[in-house]
Amino acid sequence: MNFYPDEAARRALFPVCREKIFLAHAAVTALPKCVADAVCDYTRRASENHQEFGDVLVDIKNARQVCADFIGAQPDEIALLGPTSLGLSLFANGIPWREGDEVLCYAGDYPANVYPWIDLRRRGVVVRYLEPEQPGAITPELVAAALTPRTRLVALASAHFFTGYRIDVEAIGALLHERGVLFSLDAIQTLGAFPLSVEHVDFLSADAHKWLLGPLAIGIVYVKKRHFDLVRPTLLGAWNVVSPNFIAQDEVRFVPTAQRYEPGVLNATGIYGMKAALELIASHGIAAVGQRLLELKAHLIAQIEPLGFSILGPREGSAASSITTFRHTTASSTQLFAALEKARIVASLRHDREGRDYLRFSPHLYNTEAEIDTAVSVLRAMLAG
């Protein structure tokens, strides 16, 4: 399955392909042309008008709908905020915790999904860590076994940033809801790459700058409507507190939608870009995108494993993602990374807690087998040299 068989068209739609091979979508994406065009078009028009000119607020409303459709939510459950850590911090700080409440999270997650939760210790919350047998391998069984009568919330990532292990969001969410436990999801490593539904998710945050192919510092923050009163906004301003005619009142009364988590003017530039990115991904069908990403992963693994690379995380199946992290038994990943950079191949260099260096490839829907072949040829040449 190749979404862009015409190479000239692919390079026109994804300009980064003209000069580089970009395999780092689990880090910070390069923008597709349609996203850059949406950002530039808004910026140009904003230089000719004030920045909330014409239909800007209508366009922002439409963007909420696009975001909601993408995750199976309602538009009034969507706040347009980024980065991911902002949404996660709003959840952690907005809940009225009780002394002795427990939060379950994973110490090996990306720091943005650890620090907001462990900071709750100062409020009397007991933070307990899940301990999977393999990095990132958070299973429903592991979560179920760790629950206690005091567990109030479980905070997980939809996929592990290092190993690429993709959790079963639906199964974990369902078992938590059966037991009356809240479920917070950092979805940045799968949203835009694989299907995701918030049916059994209470809170979700994901910036657009990875798999959503969007700009920095804009994303989707989701709060299930029934939790609006539970999660009190901790950032207040004229946009989310009822202020008729922009006049401050003698009480704090929040607007009745997820706009209550947006304290002031929005990142309109980012919203235009994110909307264009979501529409691009949706045009292919998110299930088809996920299938394509696993095809690329299989193609990569089939070539690097015989070269002596060890691979972290699942290779295939429902727990696999487009993140493939690997290191050679003898060669330095840091030196291999430098060789890739010299060849204008963009990947990621990451380290485990023991300080071992790894290469991480994370191709997206527009990448090709030929690009992966080229990247592997650089690695092969380095190993032979």
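The notes below deal with the structure included here. (Residues numbered from 1 in each chain as written. Predicted model: local features only at pLDDT ≥ 70, side-chain atom pairs only at ≥ 80, totals over all residues. Heavy atoms only, no water.)

Some details on the environment of Gln335
For step 1, the next point in the chain: With respect to the element layout, Gln335 can be found in helix H10 (residues 333–342).
For step 2, the next point in the chain: What makes Gln335 exposed here is its relative accessible area of 53%.
For step 3, the next point in the chain: Residues Gln335 and Met382, 47 residues apart in the sequence, show an inter-C-alpha distance of 8.8 Å. (Helix = DSSP H or I, 4+ residues; strand = E, 2+ residues; numbered from the N terminus. Buried < 20%, exposed > 50% of the residue type's maximum accessible area, 1.4 Å probe, protein only.)

Some details on the packing of helix H3 (residues 56–71) against helix H8 (residues 268–284)
For step 1, the next point in the chain: H8 packs onto H3 with a crossing angle of 40° between their chain directions and a minimal axis gap of 10 Å. Taken as axis vectors, H3 and H8 run oblique relative to one another. For the pair H3 and H8, the crossing hand works out as left-handed. On H8, the residues that touch Val56, Asp59, Ile60, Asn62, Ala63, Val66, Cys67 and Phe70 of H3 are Ile271, Tyr272, Met274, Lys275, Leu278, Glu279, Ile281 and Ala282.
For step 2, the next point in the chain: Along the lines of polarity and charge, the residues of the contact of H3 with H8 split into 12 nonpolar, 1 polar and 3 charged. (Axes fitted to C-alpha atoms, helices over the stretch in contact; angles between N-to-C directions. Parallel < 35°, antiparallel > 145°, perpendicular 65-115°, else oblique. Left-handed = near helix turned anticlockwise from the far one by under 90°. Contact = heavy atoms within 4.5 Å. Nonpolar A, V, L, I, M, F, W, Y, C, P; charged D, E, K, R; others polar.)

Regarding the pattern of salt bridges
For step 1, the next point in the chain: Taken as a whole and assessed by the stated rule, the structure comprises 22 salt bridges.
For step 2, the next point in the chain: A salt bridge links Arg253 to Glu251; the shortest N-O distance between them is 3.7 Å.
For step 3, the next point in the chain: By relative accessible area, which is 47% here, Arg253 ends up partly exposed.
For step 4, the next point in the chain: Across the pair Arg315 and Glu305 runs a salt bridge, and its minimum N-O distance is 2.7 Å. Linking Arg315 in the loop between strand S9 (309–312) and strand S10 (324–328) with Glu305 in the loop between helix H9 (286–304) and S9, this pair joins segments that are 10 residues apart in sequence.
For step 5, the next point in the chain: By relative accessible area, Glu305 is classed as partly exposed at 37%.
For step 6, the next point in the chain: Put simply, Glu7, Arg10, Arg11 and Glu371 are held in one network by salt bridges that share partners. (Salt bridge = Lys/Arg side-chain N within 4 Å of Asp/Glu carboxyl O.)

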